[in-house]
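Spelled out, the chains give:
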Amino acid sequence: MTQTIAPRVRTLVLLLLAAACALLAGAGPVSAHAALTGSDPREGAVVDRAPAQVSLTFSESVSMDDDSLRVLDPKGKRVDDGKPAGTGGTTYSVKLHAGLPDGTYTVSYQVVSADSHPVAGAYTFSVGAPSDTSVSVSGQEAGGGFVGGLYGVGRYVSYAAFAVLVGAAAFVLACWPRGSGVRVLQRLVVSGWLALTAATLLLLLLRGSYTGSGKVADVFDLSLVGEVLQTKAGAALVSRLLLLAAAALFIAVLFGAYDKREDEERRDLTFGLAIGGSVVAAGLAATWAMSEHASVGLQAGLAMPVDVVHLIAVATWLGGLTALLVALYRGPADTPVPADAVRRFSRVAFGSVVALVATGTYQSWRQLGSWTAFTDTRYGQLLLVKIGLVAVLVGVAYFSRRWTAQLAQSATAVPGQRDKERVAASGGRRNGGAKGAEKTGAAKSAAAEQGGGAKGGALGKAGASGKAAALGKAGASGKIAASGKAAGRAEAAGKGSGGSQRAAQLARQRAAVDAARQKRQRDADPHRFGLRRSVLAEAGVAVVLLAVTTVLTQTEPGRTEEEAKAAGASSAASVPATGAVTLDMPFDTGGQNGKGVLRIELDPARVGANDMHLYVERLDGTAFDVPEVKVALTQKAKDIGPLPVAPDHITTGHWSASGVQIPMAGDWEVSVTIRTSDIDQVTLSKNAQIG
């Protein structure tokens, strides 16, 4: 009985494919490796005079062009000189025009990080005092839109095609050399090569628009393509195309000269193909390792070769799994996948998983840096999902190994059974031939007896008729015989051509029937059916795993995200979160009980509304009341003030005022007039930095 794929397995695979598509569709814009860690002026700052330049500091080096860093006035007009440059380390600045008026200015940046991902953002600062602005800072993101989505699909296809190309070729070379003559495996490897080549060309065309405007029209701008070729990412893509040309030669030899040689002759060529294929595979993997996350950050010199090993291990495992799946489902019935090939692949897959775990552990430590990053960062959360999928894949692979062992055991019993069937079939044919020979001999004897009787009668008649009649009949019969022979030859020729066509048709029908019978027998094997089903489940999980990996490579590593958060926290800590400014002013009004200390607390000491508290204490620290306390704020640089503040008496020695408005940041003079009697008073002043 022929078994088919269980509906539950098909449903599971379809759900996994849908999950992969959802992951790619919901990946959104790229979260780049580089992050903005500081700026001057700070975001939201109010400065008393326009700065000469604006500086940005990133977590790693970035590349810029003339439009990468822009400063816009409240009307949206550009006020920088359009020549951003590095000032040392990871800090970049652009000079501003002189004599800028007061108002709110917008800083917009769009750069490319060292790991090839675009970074974009915007913030505002004010000169003099905040004002309305026509510039919107929302939606400042890079790598989004239609072009960004298409670029993400291209990345996924390139990863999947690399896995198919490398893994399927390795499966043929290391596990099933005779598979080089199987048409479906040839098509699979060539399809992987074509898909990777097409995806690389697509990424090369999309790169300029992806890191720039994001417009579809810019995809075909040759000037942008020329600029991309000058970047690290562009060089990596071009190198990948050159290596794919070498891979085409490898494929031609694998399915050409290698396939035509005998087993003993293949051994010499196998070593050369293994060395050459390994070099090409490592080179292709290096085009990712040398242009993405592994190329920057901590221990980049070690991280890049580790990343190459990681990518090759993934490709060998998942690509070989795909080749095995195709061979099990689409392979010819007369060339089934032998149990030895499946067992060899099982060992290769186990080695790939070991390499994957070792390199993945190092990469996780390098990209996260702490256990909390697993749950507190998006990169860590995606990494947990990837680890879970790998665990599921290994669990399904365990069942595949069990089916492989059972298939190998059953394979040893099949040859003996087939030999018995062949012996039985040949014996039947011999018995049938003997019986046919006996029947044929009896028929010939009967025909001979009838022929002898006929001859005697004919001779008697010939003697009675005479010579003349015999001669006349001989002449007529000679003509008839000649024409009969000619007609016989024509009829025989017609029967011969029709018979050969009929024989060829029957041969094709018998071959199709034999192939169908062999396929039914192959599919009826419960061990092979179980292996096919488990390998199909593995392939479904692998599809989702590749989707998660693609999104992961586009996500800002957890270590960088936490460093950016820490830098932002330290920047905020430079101006206390409470913002409280405390001023202590000793006073002496000259009268009785006229000495003491006045303490003023202003919270949060920012532009806008503030809370003010005043405390009056004697020199021994005890609180006491005075008849009157008045406060005024003055910004002499801008000729603002004095702005009076009338605090309310709360309790002994404590006055308070809420909602004290400070219109702009800068150096403010805080003046306090304190009266201790009807005639004794003094005015004190001290400067405080606001904003």
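Here, every reference points to the structure presented above.
Cut-offs applied
- Residues numbered from 1 in each chain as written.
- Predicted model: local features only at pLDDT ≥ 70, side-chain atom pairs only at ≥ 80, totals over all residues.
- Heavy atoms only, no water.
- Core = buried A, V, L, I, M, F, W, Y, C linked by side-chain atoms within 4.5 Å.
- Buried < 20%, exposed > 50% of the residue type's maximum accessible area, 1.4 Å probe, protein only.
- Helix = DSSP H or I, 4+ residues; strand = E, 2+ residues; numbered from the N terminus.
- Contact = heavy atoms within 4.5 Å.
- Pairing = 2+ DSSP bridges.
- Axes fitted to C-alpha atoms, helices over the stretch in contact; angles between N-to-C directions.

A. Broad picture of the nonpolar core. Ranked by size, the top nonpolar core spans 72 residues in total, and within it F162 and L254 carry the most contacts. Elements with a contribution of two residues or more to this core: α2 (145–175), α3 (183–211), α5 (232–254), α7 (263–289), α8 (300–330), α9 (339–368), α11 (378–465) and α13 (526–553). Ranked by size, the runner-up nonpolar core spans 31 residues in total, among them M585, F587, A657 and V672.

B. Representation of the side chain of T634 in the model. Position of T634 relative to the elements: it lies in strand β13 (residues 628–635). Taking relative accessible area as the criterion, T634 reaches 14% and is therefore assigned buried. Leaving out residues up to four positions away in the same chain, T634 has contacts with I640, G641, P642, D667, W668 and E669.

C. Representation of unusual backbone geometry. At the junction of D603 and P604, the peptide bond is cis and its omega measures out at 10 degrees in the coordinates. Mapped onto the secondary structure, P604 falls in the loop between β11 (595–603) and β12 (608–617). The residue after G641, namely P642, is reached through a cis peptide bond having omega 5 degrees. Here P642 shows up in strand β14 (residues 640–645).

D. Looking closely at the sheet that holds strand β10 (residues 581–588). Across the sheet, which stays open at both edges, the five strands sit in the order β10-β11-β12-β16-β15 with antiparallel pairing between neighbours. Every other strand in the sheet has two partners, leaving β10 and β15 (648–651) as the edge strands with one partner each. Each adjacent strand pair in this sheet contributes to an overall mean axis angle of 25 degrees, direction not counted. Summarising the sheet, β10 and β11 pair through eight bridges and their orientation is antiparallel. For M585, the partnering residue across the bridge sits in β11 and is L598.

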